[in-house]
Amino acid sequence: MPQAQIIDGKILAERLRAEVAQEVAQLKRSHNLRPGLAVVLVGADPASEIYVRSKGEHSLAVGMHSLTHRLGADTGQAELLALIGELNADPAIHGILVQLPLPEGLDERCVLAAIDPDKDVDGLHVVNAGRLASGLPALTPCTPLGCMIMLRETLGDLSGKRAVVIGRSVLVGKPVAQLLLAADCTVTIAHSRTRDLPDVVREADIVVAAVGRPEMVRGDWIKPGATVIDVGINRVPFRDPVKAAQGKTKVVGDVHFRSAAQVAGAITPVPGGVGLMTVACLLKNTVTAAKRLRGIGER
Ligand code: NDP
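First, a word on what this report is: a plain description of the structure on this page. (Residues numbered from 1 in each chain as written. Predicted model: local features only at pLDDT ≥ 70, side-chain atom pairs only at ≥ 80, totals over all residues. Heavy atoms only, no water.)

With respect to the layout of surface pockets
Next up, step 1: Taken as a whole, the largest pocket encloses approximately 1100 Å³ of empty space.
Next up, step 2: Sorting the residues of the lining of the largest pocket by element identifies α1 (9-31), α2 (46-61), β4 (95-98), α6 (142-155) and α11 (274-294) as the ones contributing at least two each.
Next up, step 3: Top element by residues in the lining of the largest pocket is α2. It accounts for eight residues.
Next up, step 4: Residue composition of the lining of the largest pocket, by class: 23 nonpolar, nine polar and nine charged. (1 Å grid on protein atoms, 1.4 Å probe; cavity = no way out; pocket = protein on both sides within 12 Å on 5 of 7 lines; lining within 4 Å. Points joined across faces, edges and corners; volume = space filled by probe spheres on them. Helix = DSSP H or I, 4+ residues; strand = E, 2+ residues; numbered from the N terminus. Nonpolar A, V, L, I, M, F, W, Y, C, P; charged D, E, K, R; others polar.)

Pasting the structure below:
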């Protein structure tokens with residue numbers, strides 16, 4: 001039996017979606033504003049199709065305006081940029097998300113740069129990355145935002161805590177490190193060239209693992225009582241040879257849950273943890289963008 005508190009992504013994501021729904025209703029009543037999210041899917045990647053459908057359903061469920069543009073895999077760069085231009089100019093749309101990865105031949109960086117930074121609800125535009133690094137109000141990538149909500153829920157004030165983030169991607173590692181820094185943590189960013197990684201992790205009151213390596217972080221790397229946020233989503237074959245022979249797979253995180261849960265004070269499970277927060281944070285970002293574009297509340 002794990003001794004750690006399990007940080008339940010399902011409960012927290014449900015609560016966040018309920019809060020967003022309330023805010024959407026309030027914005028409609030008091031400002032006649034219905035936040036609108038446009039999701040653009042290019043090609044027919046099955047995993048992307050599932051994510052896009054889920055984003056559309058969740059945004060409708062909280063009362064938002066939702067648009068999904070499905071473009072063929074043969075869509076050219078100019079056509080995609082033209083669509084983004086239209087969405088940038090559309091006053092009913094406050095959030096634009098281009099589902100990644102894009103098919104080969106499309107320049108991801110150029111496409112992301114074309115999104116109006118004030119509608120960039122994925123938080124991947126360099127202007128938002130720069131705002132975040134400069135301590136200015138930014139639209140922040142959704143998964144890091146979800147990690148912070150989970151940490152605040154578990155620990156309250158994060159000030160002075162030692163945090164180790166494993167991974168330095170633009171999508172997760174770097175923004176989560178910036179958010180922890182903004183919350184007054186002492187932050188170390190570890191990556192594939194970090195020496196003595198287990199010793200580095202043992203220093204941490206907060207561990208955020210965003211590596212993409214199944215169960216890499218072991219229980220004996222964790223300082224007793226630390227809070228562990230496992231961002232990893234890795235599909236691996238079952239150990240059971242019968243299931244493995246049937247080609248069945250399961251999802252595990254970047255943390256070896258069983259051993260880490262014996263030592264940690266609190267830990268997110270995979271599945272059922274951070275992953276569930278990501279779409280809820282996308283909805284929250286869309287409300288934030290809509291309010292800022294209308295000049296409601298603080299910028
Ligand atoms: P990337 O592959 O972009 O980045 C992985 C990072 O881990 C890199 O910075 C890399 O270092 C580092 N790394 C790789 N191997 C090691 C190692 N042996 N020791 C230490 N660091 C290492 O992945 P992402 O950040 O996009 O995603 C990370 C994980 O999170 C994946 O499992 C992904 O599926 C999951 N994910 C989950 C989401 C969710 O909603 N829960 C959303 C997004 C991602 P270097 O820079 O040196 O190469």
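Let's talk about the pairing of strand β8 (residues 227-230)
Next up, step 1: Of the two faces of β8, both are covered, the one formed by Thr 227 and Ile 229 as well as the one formed by Val 228 and Asp 230.
Next up, step 2: Here strand β7 (residues 206-209) runs beside β8; their pairing, made up of four bridges, is parallel. Bridge assignment links Val 208 to a residue of β8, and that residue is Ile 229.
Next up, step 3: Pairing geometry for β8 and strand β11 (residues 266-267), over two bridges, is parallel. Within β11, the position partnered with Val 228 by the bridge is Ile 267. (Buried < 20%, exposed > 50% of the residue type's maximum accessible area, 1.4 Å probe, protein only. Pairing = 2+ DSSP bridges.)

Remarks on the site of the ligand
Next up, step 1: If you check the shell around the ligand, you find 23 residues, and the closest are Arg 168, Ser 169, Ser 192, Arg 213 and Thr 278.
Next up, step 2: For the ligand, an oxygen atom lies 2.5 Å from a polar atom in the side chain of Ser 192.
Next up, step 3: In this structure, Val 231 approaches the ligand through a main-chain N or O atom, which is 3.4 Å from a nitrogen atom.
Next up, step 4: Protein chains bury 71% of the 920 Å² of accessible surface belonging to the ligand in isolation.
Next up, step 5: Considering every element that reaches the shell around the ligand, the biggest residue donor is α11, with three residues.
Next up, step 6: Class assignment for the residues of the shell around the ligand results in 10 nonpolar, 10 polar and three charged. (Near = heavy atom within 4 Å. Polar contact = N/O pair within 3.5 Å; in protein donor to acceptor, adjacent residues only side chain to side chain. Areas by Shrake-Rupley, 256 points an atom, 1.4 Å probe, with all protein chains shown as cover.)

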